[in-house]
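# Close look at the chain arrangement
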Amino acid sequence: MTSPLLEEKWTVAGSFRTRYFEGGAPDAPVLVLLHDGAWGGSAAVTWGTMAPLLAEHYRVIAPDLLGFGGTDKAVFLGESPYDFRLRHIFDLLRTLGVEGPVHLMGNSFGGSLALRAAAGWSGSNDEKIQLRSVVSVNGSGGPWRTDLALDELGHWDGTENDLSRIVSLLIDDGPHFSSHLALRAAEARKSGHYRAVKAAAIPLPEALRVPRVDDNWLNDLQRSSTPILLVGGSRDPLLRPEWMQNIQSAAPSCEAVELDCKHAPNIDHIAELMQAITPFLSRHESSQLV
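Now for a quick tour of the structure. No experiment lies behind these values; they were computed from the predicted model shown.

The first and last C-alpha atoms of helix α3 (residues 83–95) sit 18 Å apart over 13 residues, in line with the 18 Å expected at 1.5 Å per residue. Across the 13 residues of α3, 10 count as buried, placing the element largely inside the fold. Of the positions making up α3, those classed as buried are D83, F84, R85, L86, H88, I89, F90, D91, L92 and L93. In this structure, the buried side of α3 is in contact with β1 (6–13), β2 (16–23), β3 (30–34), β4 (59–63) and α4 (109–118). Where α3 ends, the next residue or the one after it, G97, has phi of about 80°, a positive value.

A word on the packing of aromatic side chains. In this structure the tally under the stated criterion is six aromatic pairs. By the ring-pair criterion, three or more aromatic residues cluster together here, those being F16, F76 and F84. The side chain of R87 reaches across the aromatic face of F76, ending 5.5 Å from its centre. Lying over the aromatic face of Y82, R116 brings its terminal NZ or CZ to 3.9 Å of the ring centre.

Spatially, β1-β2-β4-β3-β5-β6-β7-β8 is the arrangement adopted by the eight strands of the open sheet, whose pairing is mixed. Both outer strands of the open sheet, β1 and β8 (255–259), are each paired with one neighbouring strand and no more. Neighbour-to-neighbour, the strand axes of the sheet open up by a mean angle of 20°, direction not taken into account. Both β3 and strand β5 (residues 102–107) contribute to a ladder of five bridges, which runs parallel. Along β5, the bridge assignment pairs V32 with L104. Here helix α10 (residues 243–250) sits on the sheet and contacts β6 (131–137), β7 (228–233) and β8; the angle it forms with β7, its principal contact strand, is near 160°.

Here the focus is the pattern of salt bridges. Per the stated rule, a full pass over the model turns up 19 salt bridges. Its salt-bridge partner being E160, residue R189 comes within 3.4 Å of it at the nearest N-O pair. In this pair, R189 sits in the loop between α7 (177–188) and α8 (193–198) while E160 sits in helix α6 (residues 160–170), placing the two residues 29 residues apart along the sequence. In this structure E160 comes out as partly exposed when scored by relative accessible area, which is 33%.

Looking at the secondary structure, you find K73 in the loop between β4 and α3. Residue classification places K73 among the partly exposed residues on the basis of a relative accessible area of 27%. C-alpha separation for the pair K73 and F16, spaced 57 residues apart in sequence, amounts to 9.0 Å. For K73, the contacting residues outside a window of four places in its chain are G67, F68, S191, G192, H193 and A196. Side-chain polar atoms of K73 contact the backbone oxygen of G69, separated by 2.7 Å. Of note is the side chain of K73, whose polar atom sits 2.8 Å from the backbone oxygen of T71.

What follows deals with the packing of α3 against α4. Relative orientation of the contacting elements α3 and α4 amounts to 80°, with a least axis distance of 10 Å. Classified by the angle their axes make, α3 and α4 are roughly perpendicular. From α3, R85, L86 and F90 reach across to α4, where they touch F109, L113, R116 and A117. Grouping the amino acids of the contact of α3 with α4 by side-chain chemistry returns five nonpolar, no polar and two charged.

The next subject is the packing of α6 against α7. Between α6 and α7, whose axes approach to 10 Å, the crossing angle comes to 120°. Put simply, α6 runs oblique to α7. The way α6 lies across α7 gives a crossing that is right-handed. Contact residues: α6 offers E160, L163, S164, V167, S168 and L170, while α7 offers F177, H180, L181, A182, R184 and A185.

About the cut-offs
Residues numbered from 1 in each chain as written. Predicted model: local features only at pLDDT ≥ 70, side-chain atom pairs only at ≥ 80, totals over all residues. Heavy atoms only, no water. Helix = DSSP H or I, 4+ residues; strand = E, 2+ residues; numbered from the N terminus. Expected span 1.5 Å × (residues − 1). Buried < 20%, exposed > 50% of the residue type's maximum accessible area, 1.4 Å probe, protein only. Contact = heavy atoms within 4.5 Å. Phe/Tyr/Trp six-rings, centres within 6.5 Å; stacked < 30°, edge-to-face > 60°. Lys NZ or Arg CZ within 6 Å of the ring centre and 35° of its normal. Pairing = 2+ DSSP bridges. Axes fitted to C-alpha atoms, helices over the stretch in contact; angles between N-to-C directions. Salt bridge = Lys/Arg side-chain N within 4 Å of Asp/Glu carboxyl O. Polar contact = N/O pair within 3.5 Å; in protein donor to acceptor, adjacent residues only side chain to side chain. Parallel < 35°, antiparallel > 145°, perpendicular 65-115°, else oblique. Nonpolar A, V, L, I, M, F, W, Y, C, P; charged D, E, K, R; others polar. Left-handed = near helix turned anticlockwise from the far one by under 90°.

This is how it looks when you write it as structure tokens:
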């Protein structure tokens, strides 16, 4: 993020060294941006171009999640990949003196984190922060991924050429493609990142496999009072077309909008995404909902 509106900062949150970007007026409504979980994901990679625009109206806080970017490459393999990262994000906000309410917006894995936060998340009450609203940009909460997503996103051979295969699933080809690829590749090469992302996919011996614990976040979402906006891509190859409809069926109060894009309009269709989210965020700037 090279804009003077955003400053790269470091702190310790929940005992983890954490990199985040911050900008905007200190007394503006807080907007927390959560990045994607693909190889090389980070706040700068996912939100680097869009965040300065948002900082004109909000106090933007864009952290690197655990395992990504400049944040510690720590993972917890005995729990959901969502829970420990949400715990870390809320630890960061408390470290920064943010008590809420906040807008929470994420793309892809970051959008799934945001939806699970809206569902109440399983952390203790003193770990939670009030939410004004939640926006999920092509983040389904976990389910409804396509076979292509399951086949292609889990492996990377460490080269920029192979990373371009993954980037082509996220954004359209164009003048922005090569610069985005270079930035993502630089983040993906950081020490510990590959192992942190790959660790959760390590197969278990047959004797250690146990039935998956029921994940009730979608039921919890139905009882949530947090305003939610779902943003989908009509050409997204990574999520099944019905993902927004399925979430709305469980939580009818969710709003939804579809854009002509792939998986990450926050990178290559920023004007259209800004047009979609701005009215929603504005309507809920006075909300103080849990």
